[in-house]
Amino acid sequence: MLTCSSFADIAEKLGRSETWVAAAFYGNMPFAQEDIDGLVKILEIDPLAVEAISPAVNYFPDRASKFESPPRDPTIYRLYEIVLVYGYAFKSIIAEKFGDGIMSAICFTSKIDKEVDEEGTWVKVSSLLHRPIVTIVIKY
C-alpha cells in the first residue's frame with residue numbers, strides 16, 4: 001500500500017527538500033540514480049519500469065521552460081507580482097546588507113509553511129539563498 005501522499009512525504013523518505021522534490025517532478029531538477037531507486041520503493045513502481053525512468057539520470061533540466069510571462073496561474077502570478085513590485089527594493093536592501101554581488105540560485109533552499117492567526121491563513125515562503133534569508137508571508 002502506497003504510504004506517500006505528498007511531496008513532503010516523498011522528500012522525507014528521499015532525504016531531499018519538499019520544494020526540490022516538487023521541482024524535480026516538474027522537470028526542473030535532475031533526479032540522481034539514488035533518487036530514482038528511492039522513488040521505485042517509495043511509489044511502489046514496478047522494477048521493470050526502472051529502465052524507462054533511468055534515462056532521467058542523464059536528463060538536463062530545461063528550467064522555467066513551462067513558464068509563461070506573465071504567468072496565468074493565480075498563485076504563480078502572485079509570486080511573480082511580488083518580484084515585479086519589490087524586486088528592486090529587495091536587490092537594493094540585499095546590496096546594502098551584503099555588498100555588491102549576486103545571490104546564488106544554485107546554492108538555494110526553500111520551505112513553505114502554513115500559518116493561521118486571528119487575521120486568517122497565511123502562506124510563509126522562506127528561502128535561503130546562500131547567505132541572505134528571504135521570508136515572505138502572504139495572506140491566503
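Residues numbered from 1 in each chain as written. Predicted model: local features only at pLDDT ≥ 70, side-chain atom pairs only at ≥ 80, totals over all residues. Heavy atoms only, no water.

**Considering helix H3 (residues 33-42)**
- Looking at H3, one finds that the buried residues are Asp35, Ile36, Gly38, Leu39, Val40 and Ile42.
- Following H3 by one or two positions, Glu44 has its phi on the positive side, about 55°. (Buried < 20%, exposed > 50% of the residue type's maximum accessible area, 1.4 Å probe, protein only. Helix = DSSP H or I, 4+ residues; strand = E, 2+ residues; numbered from the N terminus.)

**Digging into the pattern of salt bridges**
- Taken as a whole and assessed by the stated rule, the structure comprises four salt bridges.
- One salt bridge in this structure joins Arg78 and Glu81, with 3.4 Å as the shortest N-O distance. Remark: Glu81 and Arg78 occur in helix H5 (residues 74-98); sequence separation between them is three residues, near one turn of the helix.
- Taking the relative accessible area as the measure of exposure, Arg78 reaches 48% and is therefore partly exposed.
- Taking relative accessible area as the criterion, Glu81 reaches 30% and is therefore assigned partly exposed.
- Here Glu115 makes a salt bridge to Lys124, at a shortest N to O gap of 3.5 Å.
- By relative accessible area, Lys124 is classed as partly exposed at 24%. (Salt bridge = Lys/Arg side-chain N within 4 Å of Asp/Glu carboxyl O.)

**Quick look at the packing of aromatic side chains**
- Evaluation of the coordinates by the stated rule reveals five aromatic pairs.
- The interplanar angle of 55° and the centroid separation of 5.7 Å between the aromatic rings of Phe7 and Phe25 together place this pair among those described as tilted. Highlighted residues: Phe7 in helix H1 (residues 7-14) and Phe25 in helix H2 (residues 18-25), separated in sequence by 18 residues.
- Classification of Phe7 by relative accessible area gives partly exposed; the value is 32%.
- When its relative accessible area of 39% is taken as the criterion, Phe25 is described as partly exposed.
- Plain terms: the ring middles of Trp20 and Phe31 are 5.9 Å apart, the flat faces sit at 80° to each other, and that makes the pair edge-to-face. Residue Trp20 is found in helix H2, and its partner Phe31 is found in the loop between H2 and H3; the two are separated by eleven residues along the sequence. The same class applies to Trp20 as to Phe31, namely buried.
- The lysine or arginine in question, Arg16, covers the ring of Trp20, its NZ or CZ lying 3.8 Å from the ring centre. (Phe/Tyr/Trp six-rings, centres within 6.5 Å; stacked < 30°, edge-to-face > 60°. Lys NZ or Arg CZ within 6 Å of the ring centre and 35° of its normal.)

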